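Each chain is listed here by its residues.
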Amino acid sequence: MFVYIIRRLLQMIPVLLGVILVVFLIMQMVPGDPAVLLAGEGASAETIAKMRTQLGLDQPIMVQYAQYVFNVFQGDLGTSLRSNLPVWDEIMARLPATIELALASIFVTVVLGMIAGIVSATKQYSAADITIMVIALLGVSLPSFWLGLSLIYTFSVKLQLFPVAGWGTWKHMILPAITLGTAGAAIVARMTRSSMLDVVRQDYIRTAKAKGLRETVIIYKHALKNALIPIITVVGLQFGFLLGGTVLVESVFAINGLGRLIVDAIRMRDLPVVQGGVLIASIIFVFVNLLVDVLYRYFNKRIDLN
Amino acid sequence: MPEQQDIILDVRNLQTHFFTDDGVSKAVDGVDFSLNRGETLGLVGESGCGKSITSLSILRLIASPPGKIVGGEILFKGQDLTKKSEADMRTIRGNEISMIFQEPMTSLNPVYSVGEQIAEVLRLHQNMGRKEAWDKAVDMLRLVGIPSPEKRATQEPHELSGGMRQRVMIAMALACRPEILIADEPTTALDVTIQAQILELMKKLQVEMGMSIIMITHDLGVVAETCDRVAVMYAGKVVEYTTAQNLFANPRHPYTVGLMNSLPRLDEDVEELQAIKGNVPSPFNMPVGCRFAPRCPHATELCNTKLPELLAYADGSKVRCWMYTSEWDGDTKTATEVGV
Ligand SMILES: Nc1ncnc2c1ncn2[C@@H]1O[C@H](COP(=O)(O)OP(=O)(O)O)[C@@H](O)[C@H]1O
Ligand code: SF4
Ligand SMILES: [Mg+2]
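Here the residue numbering is sequential within each chain, running from 1 through the sequence in written order. Ligands are numbered from 1 and chains lettered from A, in the order in which they are written. It should be noted that, the model being predicted, local features are given only for residues of pLDDT at least 70 and side-chain atom pairs only at 80 or more, the latter also being counted only at that level, while totals for whole chains, interfaces and linings use all residues. The side-chain quantities take in all heavy atoms of the structure and omit both hydrogens and water.

**Thoughts on the overall build of chain A**
Piece 1. Looking only at helices and strands, chain A has 12 helices and 0 strands in total.
Piece 2. The order of helices and strands in chain A, counted from the N terminus, is α-α-α-α-α-α-α-α-α-α-α-α.
Piece 3. In terms of overall dimensions, chain A has C-alpha extents of about 85 × 55 × 30 Å along its principal axes.
Piece 4. The long-range fraction of contacts in chain A, counting pairs at least 24 apart against all pairs at least 6 apart in sequence, stands at 75%.
Piece 5. Carbon together with sulfur atoms contributes 69% to the accessible area of chain A, which is approximately 16,000 Å² in total.
Piece 6. By the counting rule applied here, Lys and Arg register as positive and Asp and Glu as negative, while His and the ends of each chain are not counted. Positions of charges follow a simple convention, taking NZ of Lys, CZ of Arg, CG of Asp or CD of Glu. Separation between the mean location of the 24 positive side-chain charges and that of the 17 negative ones in chain A comes to 15 Å. Working definition: helices are DSSP H or I runs of at least four residues, strands are E runs of at least two. Numbering for both runs from the N terminus. Any two residues whose heavy atoms approach within 4.5 Å are treated as being in contact. Accessible areas in this description were obtained via Shrake-Rupley with a 1.4 Å probe; residue shielding takes into account the shown protein chains only.

Here is the structure:
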């Protein structure tokens, strides 16, 4: 397992190099010259050229890329073109809100999804099962901005239970977390249901019944742990989507997180911030994937060896 | 046949049906047998005749829907299990009546140690604490002949061979010293040498613990080896019930005779083996008369139109066949008529 983790960490390096390159190329292709934007409207060609040299934008793209990678390995993500602050500081100021949002949302995804899935599976074809599965079907296809705005309208504007926007207290977290976590919860619910239904048909569940165990012990002790493997995979995948979704939800709820930072930076052609933000987001993403794989292997080792 | 008070389990006209989209499957539809303390009863018949459903019905483990016990009685120490509450049944399962299954590879939970799986049943029924239950679990593993039981107890099922796993299942089933052990084809999935060891172990533990065994099998060799009495099932019904000795010496029901003829004998050529011709009827669409009639060499008009009852001889043997009644209309008038 240890060797496996080390190998996976080493494999991250080319992946991250690739990510940086792709962002570089994309930013090259989008119209708008950061030098022009920075020098301001109606600046002379000379000023703009000077600005370019200063930013290193006159260098060939591959040289820029190499320089950037070299700096990153020294722990330097560059300086924001807009604020002149180190990109690292800009990101660290925004990251906690995003991580909190992501954790709260994944909590919604896992807890809501698994409870709904277990109820559905244990009461197969009941009214509860059908209701949950219909909601789950809708939940997957619901656009998150629509869900977010509906929740704000209902719970913040009408009922005034939660703040409309911003970040800081647990009250701020609830609606964004539901907005972001619902689609995942719906998928996890469906996966939990099918995985549990598969497990409860297994011979060892019959054995557990023949021992005289009660239903709840059979479901939560004997079945759930076996049903977990595909659920972990789905939760891992959901975490990826969820990180992408933070951008939208941060906009809807006016949360100053990493997603908004990157979006604003793209608008301003603030290349170092875009680059750094995407890099940090990618690192988080790759680590989460690694964590999921390790968990998966842990739960799956008996099956592997069989 | 034994005295009345020796009977620990008395199954009377048990009927378990499955209500499916394709119709009603009468999987078990008239099963009668009684089991005495300390004896081994064989439940024999071709695959699909309802042996497993019968045993799951006794423990009330039939999934409902689609299954349901629609008739009959299961008297365990005089009390009808079909009328017990689910909570009452839970105190019986794994405690007074235990069961082991055909599939040792898949019958243990893959994510818990075998020690934990045995200890769990002791904590549940014997009010043992964690430590005490674990120690008892290790003792049970030793009892069923598993070497270095302390170490084995901590292992998960995938680390054990099929024979070992069946030993673990036996240890688990016997941990609470049940009065009845139901063994559903316990050796079918194992190779021959392991089969013999497992049967030997069960016999030994039966003597030590004084329990009764219901041995479900389609293998008459296993019957000859282990059983005191036998119930032969065909298409959901018991068709013959007698001592193992009687069964081999003097099989009465034409289906039993067919089973005997399909056994390889040392003194005969393999080519002369007679398998029973034809197929088992579909449980969705049973013949109106004797269920064996489409395959029976003696079938008459009476057999095809009217279902024979399970009738008892004076010695307690039972047979479900028109041949042994005064109404018999065929030519082979058999020697002994059923004395009701
Ligand atoms: N869930 C079910 N739904 C419908 N029919 C079933 C179901 N389970 C078992 N049966 C029927 O019960 C019959 C007896 O099965 P079983 O007791 O397993 O036979 P065996 O004697 O081989 O153990 C089978 O023919 C099968 O068609
Ligand atoms: S009742 Fe008739 S058909 Fe059935 S077994 Fe006896 S002789 Fe054969
Ligand atoms: Mg069976």
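**Points about a nonpolar patch on the surface**
All names here are of chain A.
Piece 1. Where nonpolar side chains cluster on the molecular surface, the patch consists of F2, I6, L9, L10, I13, F73 and F287 and spans about 720 Å² of accessible area.
Piece 2. No other element matches the 5 residues that helix α1 (residues 2–29) contributes to the nonpolar patch.
Piece 3. Along the chain, F73 turns up in helix α4 (residues 61–73). For patch building, the residue pool is restricted to those with more than 30% relative accessible area and no salt bridge; the joining distance is 9 Å between like charges and 5 Å between nonpolar side chains (Val, Leu, Ile, Met, Phe, Trp, Tyr). Salt bridges are counted wherever a side-chain nitrogen of Lys or Arg sits within 4 Å of a carboxyl oxygen of Asp or Glu.

**A few points about the site of ligand 1**
Residue and element names in this part refer to chain B.
Piece 1. We call a residue near a given molecule or strand whenever any one of its heavy atoms falls within 4 Å of it. Near ligand 1, the surroundings consist of 13 residues, among which A27, G48, K51, S52 and I53 are the closest.
Piece 2. The term polar contact refers here to a pair of N or O atoms within 3.5 Å; inside protein, the definition further demands a hydrogen-donor-capable atom paired with an acceptor-capable atom, and it admits residues adjacent in sequence only when both atoms are side-chain atoms. Within the backbone of K51, a nitrogen or oxygen atom sits 2.8 Å from an oxygen atom of ligand 1.
Piece 3. Between an oxygen atom of ligand 1 and a side-chain N or O atom of S52, the distance comes to 2.7 Å.
Piece 4. When isolated, ligand 1 has an accessible area of 570 Å², and the protein chains bury 69% of it.
Piece 5. Of all elements in the fold, only β1 (7–20), β2 (23–36) and α1 (51–58) reach the threshold of two or more residues within the shell around ligand 1.
Piece 6. Here the shell around ligand 1 takes 3 residues from α1, the largest share from any one element.
Piece 7. Each residue is assigned to one of three groups, with Ala, Val, Leu, Ile, Met, Phe, Trp, Tyr, Cys and Pro labelled nonpolar, Asp, Glu, Lys and Arg labelled charged, and all others, Gly among them, labelled polar. Of the residues in the shell around ligand 1, the class split is 5 nonpolar, 6 polar and 2 charged.

**Structural notes on the layout of surface pockets**
Piece 1. Both site types are read off a 1 Å grid over the protein atoms alone. A 1.4 Å probe that fits but cannot get out defines a cavity, while an open set with protein on both sides within 12 Å along at least five of seven lines defines a pocket; lining residues have an atom within 4 Å of a point. Grid points are joined across faces, edges and corners, and a volume is the space filled by probe spheres set on the points. A volume near 1,500 Å³ is recorded for the largest pocket.
Piece 2. For the lining of the largest pocket, the elements supplying multiple residues, two or more each, are α5 (87–122), α8 (170–199), α9 (203–210) and α10 (215–252) of chain A together with β1, α1, β4 (67–76) and α2 (86–92) of chain B.
Piece 3. At 4 residues, the largest contribution of residues to the lining of the largest pocket is made by α9 of chain A.
Piece 4. Considering only residue class, the lining of the largest pocket consists of 19 nonpolar, 7 polar and 13 charged.
Piece 5. Roughly 600 Å³ of internal volume is contained in the second largest pocket.
Piece 6. Of all the elements in the fold, those that place two or more residues in the lining of the second largest pocket are α2 (34–39), α3 (45–55), α4 and α12 (271–305) of chain A.
Piece 7. For the lining of the second largest pocket, a count of residues per class yields 11 nonpolar, 11 polar and 1 charged.
Piece 8. Segmentation of the chain into domains, including their bounds, is taken from an automatic or database domain assignment. In this structure, the lining of the second largest pocket is formed jointly by two domains, domain 1 (2–87) and domain 2 (94–299) of chain A, each of which donates at least three residues.

**Here we look at the site of ligand 2**
Piece 1. Inspection of the region around ligand 2 gives H253, P254, C290, F292, A293, C296, H298, A299, C303, C321, W322 and W328 of chain B as its neighbouring residues.
Piece 2. Residue composition of the shell around ligand 2, by class: 10 nonpolar, 2 polar and no charged.

**Quick look at the UniProt feature "transmembrane region" (unreviewed entry) in chain A**
Residues and elements named next belong to chain A.
Piece 1. As annotated by UniProt and renumbered to match this structure, "transmembrane region" (unreviewed entry) occupies residues 12–30, 101–120, 132–153, 173–192, 228–253 and 273–296.
Piece 2. For residues 12–30, the helix share is 95%, the strand share is 0%, and the end-to-end C-alpha distance is 27 Å.
Piece 3. Note that residues 228–253 is 96% helix and 0% strand, and that its end C-alpha atoms are spaced 33 Å apart. UniProt positions are given in the numbering used here, feature names are shortened, and annotations may be inferred rather than shown by experiment.

**What to know about the interface of chain A and chain B**
Piece 1. Contacts between the two partners involve 18 residues from chain A, matched on the other side by 28 residues from chain B.
Piece 2. The contact between chain A and chain B buries some 2,200 Å² in all, and 54% of this surface belongs to carbon and sulfur atoms.
Piece 3. Viewed at the interface, chain B and chain A are joined by 4 salt bridges.
Piece 4. As a salt-bridge pair, E120 of chain B and K211 of chain A come within 2.7 Å of each other at their nearest N and O atoms.
Piece 5. There are 14 residue pairs in polar contact (both at pLDDT 80 or more) connecting chain A and chain B.
Piece 6. Secondary-structure elements contributing two or more residues to the side of chain A that touches chain B are α9, α10 and α12 of chain A. Here the quantity called buried area is the accessible surface, traced with a 1.4 Å probe, that two parts lose on coming together, added over both.

**Describing the sheet that holds strand β3 (residues 40–44) of chain B**
Residues and elements named next belong to chain B.
Piece 1. At least two bridges found by DSSP between two strands are what make those strands a pair. Ordered in space as β6-β7-β8-β3-β9-β10-β12-β11, the 8 strands form an open sheet in which the pairing is mixed. At either end of the open sheet lies a strand with only one pairing partner, and these are β6 (97–100) and β11 (311–312).
Piece 2. Seen against the sheet, helix α10 (residues 254–261) touches β9 (229–234) and β10 (237–243) and runs at an angle of roughly 100° to β9. Convention adopted: a line fitted to C-alpha atoms gives each axis, helices being fitted over their contacting stretch, and angles between N-to-C directions are expressed from 0 to 180 degrees.

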